[in-house]
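Chain by chain, the residues:
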Amino acid sequence: MSTLDTARTADTARTADTARTAETAGTTRTAETAETTGPTRTASAADTGARDGAAAAEISGARERIDALDARIIALVRERMAVSARVQQARLGSGGRRVSLSREMEVLAHYRDELGRPGTALAMTLLELSRGRA
Ligand SMILES: O=C(O)C(=O)C[C@]1(C(=O)O)C=C[C@@H](O)C=C1
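## Notes on the overall build of the protein
Thought 1: Within the protein, the regular secondary structure consists of six helices and zero strands.
Thought 2: Each helix and strand of the protein, ordered N terminal to C terminal, gives the series α-α-α-α-α-α.
Thought 3: In the protein, which comprises 134 residues, the proportion classed as buried is 20%.
Thought 4: Across the protein, the fraction of contacts at a sequence separation of at least 24, relative to all contacts at a separation of at least 6, is 51%.

Structural data, given as structure tokens:
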């Protein structure tokens with residue numbers, strides 16, 4: 001099995017797991033419930049940088065949502081890498097090249113138009129990951 005195949009198999013399993021986890025987090029755990037459903041303790045001011053308990057609880061809840069969003073983003077990045085690998089294999093298998101510079105310019109322009117200059121950097125990182133040279 002090639003490295004890409006192995007990566008894809010792992011990706012598929014991880015994507016499904018992460019999607020389920022994110023879904024559960026999104027539907028059952030909100031900023032309001034996070035502090036009461038936490039494992040053993042509520043957020044302290046020291047953990048969050050907040051100066052009172054209410055702010056600490058709000059920050060703690062928001063951080064749980066951010067963690068859930070990050071898990072979904074990472075799953076999507078892995079899914080993107082798997083789809084990109086298929087495109088590259090199809091092109092290489094037909095005698096073409098791994099890289100399509102004109103398509104990369106389109107992807108970069110899309111992210112720049114949506115997110116500005118940092119969007120270009122983000123797209124470059126995604127392309128680097130997707131080309132398998134990270
Ligand atoms: O769209 C393609 O032709 C791809 O190969 C996918 C992709 C990408 O990840 O977006 C990856 C490599 C190419 O250089 C261009 C784009």
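## Quick word on helix α5 (residues 101-115)
Think of an α-helix as 3.6 residues a turn; residues three or four steps apart then line up on the same face.
Thought 1: The terminal C-alpha atoms of α5 lie 21 Å apart, and with 15 residues this matches the ideal 21 Å at 1.5 Å per residue to within 8%.
Thought 2: Where α5 is concerned, the buried positions are Glu 104, Val 107 and Leu 108. Along the axis of α5, the buried residues cluster in a sector spanning 95°; they form a single face. With respect to the buried face of α5, the exposed residues turned more than 90 degrees away are Ser 102, Asp 113 and Glu 114.
Thought 3: For α5, the elements touching its buried residues are α4 (53-93) and α6 (117-130).
Thought 4: Within two residues after α5, Gly 116 carries a phi angle of roughly 75°, on the positive side.

## Focus: the pattern of salt bridges
Thought 1: Under the defined criterion, the tally for this structure stands at three salt bridges.
Thought 2: Glu 104 serves as the salt-bridge partner of Arg 131, at 2.7 Å between the closest nitrogen and oxygen. You can see Arg 131 sitting in the segment after α6 and its partner Glu 104 sitting in helix α5, a full 27 residues away along the chain.
Thought 3: Here Glu 104 falls in the buried class, since its relative accessible area comes to 9%.

## Description of the site of the ligand
Thought 1: As a matter of local geometry, the ligand sits amid Arg 80, Ser 84, Val 87, Gln 88, Arg 91, Val 99, Ser 100, Arg 103, Glu 104, Val 107, Leu 127 and Ser 130.
Thought 2: At a separation of 2.7 Å, an oxygen atom of the ligand approaches a polar side-chain atom of Arg 80.
Thought 3: The separation between an oxygen atom of the ligand and a polar side-chain atom of Arg 91 is 2.7 Å.
Thought 4: If the ligand stood free it would expose 360 Å²; the protein chains cover 90% of that surface.
Thought 5: Of all the elements in the fold, those that place two or more residues in the shell around the ligand are α4, α5 and α6.
Thought 6: Broken down by element, the residue count for the shell around the ligand peaks at five residues, all from α4.
Thought 7: Per-class residue counts for the shell around the ligand are four nonpolar, four polar and four charged.

## Quick look at the packing of α5 against α6
Thought 1: Contact pair α5 / α6: the axes reach a minimum separation of 7 Å and the direction vectors enclose 145°. At the point where α5 passes α6, the crossing takes the right-handed sense. Across from Glu 104, Val 107, Leu 108, Tyr 111, Arg 112 and Leu 115 in α5, the residues of α6 making contact are Arg 117, Pro 118, Gly 119, Thr 120, Leu 122, Ala 123, Met 124, Leu 126 and Leu 127.
Thought 2: Its residues assigned to classes, the contact of α5 with α6 comprises ten nonpolar, two polar and three charged.

Conventions we followed
Residues numbered from 1 in each chain as written. Predicted model: local features only at pLDDT ≥ 70, side-chain atom pairs only at ≥ 80, totals over all residues. Heavy atoms only, no water. Helix = DSSP H or I, 4+ residues; strand = E, 2+ residues; numbered from the N terminus. Buried < 20%, exposed > 50% of the residue type's maximum accessible area, 1.4 Å probe, protein only. Contact = heavy atoms within 4.5 Å. Expected span 1.5 Å × (residues − 1). Arc of directions from axis to C-beta. Salt bridge = Lys/Arg side-chain N within 4 Å of Asp/Glu carboxyl O. Near = heavy atom within 4 Å. Polar contact = N/O pair within 3.5 Å; in protein donor to acceptor, adjacent residues only side chain to side chain. Areas by Shrake-Rupley, 256 points an atom, 1.4 Å probe, with all protein chains shown as cover. Nonpolar A, V, L, I, M, F, W, Y, C, P; charged D, E, K, R; others polar. Axes fitted to C-alpha atoms, helices over the stretch in contact; angles between N-to-C directions. Left-handed = near helix turned anticlockwise from the far one by under 90°.

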